[in-house]
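# Reading the structure
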Amino acid sequence: MAPNKIQDGLVVSVQYTLKLDDGEIIDESTADDPLLYLHGADNIIPGLERALTGMAVNETKHVTVAPADAYGEYDEDALESFPLGFFPEDLELEPGLMLDMSDENGNLFEATIVDVNEDEVLVDFNHPLAGETLHFDIKVLALREATPEELAHGHPHLPGMHGH
Ligand code: ZN
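First things first, this report covers the structure right here in the doc. (Residues numbered from 1 in each chain as written. Predicted model: local features only at pLDDT ≥ 70, side-chain atom pairs only at ≥ 80, totals over all residues. Heavy atoms only, no water.)

## Quick word on the overall build of the protein chain
In terms of regular secondary structure, the protein chain is built from two helices and nine strands. Seen in sequence order, the protein chain has helices and strands lined up from the N terminus as β-β-β-α-β-β-β-β-β-β-α. In terms of overall size, the protein chain is more extended than a compact globule, its C-alpha atoms giving a radius of gyration of 19 Å where 164 residues would be expected to give roughly 15 Å. In terms of its C-alpha atoms, the protein chain occupies a principal-axis envelope of roughly 65 × 40 × 25 Å. When the 164 residues of the protein chain are sorted by exposure, 34% land in the buried category. If you take every contact in the protein chain between residues at least 6 apart in sequence, the share linking residues at least 24 apart comes to 63%. Split by element, the accessible area of the protein chain, about 10,000 Å² in all, is 49% carbon and sulfur. (Helix = DSSP H or I, 4+ residues; strand = E, 2+ residues; numbered from the N terminus. Rg over C-alpha atoms; globule rule 2.2 N^0.38 Å. Buried < 20%, exposed > 50% of the residue type's maximum accessible area, 1.4 Å probe, protein only. Contact = heavy atoms within 4.5 Å. Areas by Shrake-Rupley, 256 points an atom, 1.4 Å probe, with all protein chains shown as cover.)

## Topic: the pattern of salt bridges
With the rule as written, the count across this model stands at two salt bridges. Across the pair Asp69 and Arg50 runs a salt bridge, and its minimum N-O distance is 3.3 Å. Of this pair, Asp69 sits in the loop between strand 4 (60-65) and strand 5 (79-83) while Arg50 sits in helix 1 (residues 46-52), and the two are 19 residues apart along the sequence. Residue Arg50 is classed as exposed on the basis of its relative accessible area, which comes to 53%. Residue Arg144 is joined to Glu150 by a salt bridge in which the shortest nitrogen-to-oxygen separation is 2.9 Å. Relative accessible area serves as the criterion here: at 33%, Arg144 is assigned to the partly exposed category. (Salt bridge = Lys/Arg side-chain N within 4 Å of Asp/Glu carboxyl O.)

## A few points about the packing of aromatic side chains
Under the definition given, this model contains six aromatic pairs. Between Phe86 and Phe87, the ring centres sit 5.2 Å apart and the planes meet at 80 degrees, which makes this aromatic pair edge-to-face. (Phe/Tyr/Trp six-rings, centres within 6.5 Å; stacked < 30°, edge-to-face > 60°.)

## Quick look at the environment of Thr17
Summarising the element assignment, Thr17 is placed in strand 1 (residues 10-19). Sequence spacing of Thr17 and His127 is 110 residues, and the spatial spacing of their C-alpha atoms is 19 Å. If sequence neighbours within four positions are ignored, Thr17 has contacts with Ile25, Asp27, Glu28, His135, Phe136 and Asp137.

What follows is the structure in structure tokens.
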């Protein structure tokens, strides 16, 4: 019998609205295009995964997630200046621009330009939602057992999706 409450090893589809403290909706996933994730595989932020544990199909919940259980506290030390020449010449450098940067080991980081002056660019390596308390309205739409392949990959597969 298929399990009827969210637990590890299930593929879950969720509809959600995500708001910040000021009530601004910054993300949502509708019933037509739900979030699909594998429970217990760190596909989603820890605070949201914990709140979903044990929920049943059609159940709704309001969840408040503190920064530590979401995208982390804002780190003042995660700001770094780079010389203008560090960036490709054809890149239009301006505050708010998101960058994909890598270190000498090939690790990728998302970063945001904060400030640009005559010779330097100030880059913020914090996640854009670092320091934010997140308010989710969630509704569980469907549950199913993950396939062995999904469990091995650590994420859900859409119908017809394979080979990765
Ligand atoms: Zn896969």
